[in-house]
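Letter by letter, the chains look like this.
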Amino acid sequence: MEEEFFDKLREKVLPYFEGINPCHDICHTDRVLSLALAIGEKEGADLEILKVAVLLHDVARKEQDESRGEICHAERGGELAWEILREMGYPYDKIVKVVHCVETHRFRNEKIPESVEAKVLFDADKLDGIGGIGILRATSFAGHIGAVVHNPDVDVENTKPYSKDDSAYREFFAKLVRVKEKMLTGEGKKIAEGRHEFMVEFFDRVNKEVRGEL
Ligand SMILES: [Fe+2]
Ligand SMILES: [Fe+2]
């Protein structure tokens, strides 16, 4: 794909990220892009489809946040991807492939990633939530909602998301520990194992620090 097209597309999606929570801003998309290309190369993905899909994958995230979850950003993102790419004169057969990736990149909707590009996007997107960057993102989110810095004795069953208990540590037990089991590509799984191990070591150290052991 011509670099020019890609630059134009990035320009076009920028307004969709204005004022969004930093966990899902354009920097997240850029990180997912770097990782997706690295994984995609090893998994034999079509890098053009992958690149376009990554740029568009969270284009409806703001709409989901503003509707308090009523709008599914994967589904709505698929619709917006159609509109944006049609307007740019992108070939129909390629749009179909991109839309499949966008529609299936979410953990929770019923649409399952089937193409290799969709699987790579799914993995790269979830990987941005774990490891060192995952801890930074979860901490940023916790700060945003006024949660505590750390709660070493957290009981996940008795705490709620979006509450003062929703620290990065809670997020770790509630969600992040299971990301590695959800990977769809071999390369994604490998990276997830390493990032998972880092989070375990990191929180282990933090717990020792707060107990006065380090
Ligand atoms: Fe997303
Ligand atoms: Fe994302």
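Here the structure is shown first, and the text comes after it.
Caption draft 1: Expanded view of helix α2 (residues 26-43). With 18 residues, α2 should reach 26 Å at 1.5 Å per residue; the first-to-last C-alpha distance of 25 Å fits that figure. Burial in α2 covers these residues: H28, T29, V32, L33, L35, A36, I39 and G40. Residue G44 follows α2 closely and has a positive phi angle near 70°.

Caption draft 2: Fine view of the packing of α2 against helix α3 (residues 47-56). α3 packs onto α2 with a crossing angle of 160° between their chain directions and a minimal axis gap of 9 Å. Classed by the angle they form, the pair α2 and α3 counts as roughly antiparallel. Crossing of α2 over α3 shows right-handed handedness. Two secondary-structure elements touch here, α2 through T29, V32, L33, A36, L37, G40 and E41 and α3 through L47, L50, K51, V54 and L55. Its residues assigned to classes, the contact of α2 with α3 shows eight nonpolar, two polar and two charged.

The rules behind the values
Residues numbered from 1 in each chain as written. Chains lettered and ligands numbered in written order. Predicted model: local features only at pLDDT ≥ 70, side-chain atom pairs only at ≥ 80, totals over all residues. Helix = DSSP H or I, 4+ residues; strand = E, 2+ residues; numbered from the N terminus. Expected span 1.5 Å × (residues − 1). Buried ≥ 20, exposed ≤ 12 C-beta atoms within 10 Å, placed from the backbone. Axes fitted to C-alpha atoms, helices over the stretch in contact; angles between N-to-C directions. Parallel < 35°, antiparallel > 145°, perpendicular 65-115°, else oblique. Left-handed = near helix turned anticlockwise from the far one by under 90°. Contact = placed C-beta atoms within 7 Å. Nonpolar A, V, L, I, M, F, W, Y, C, P; charged D, E, K, R; others polar.

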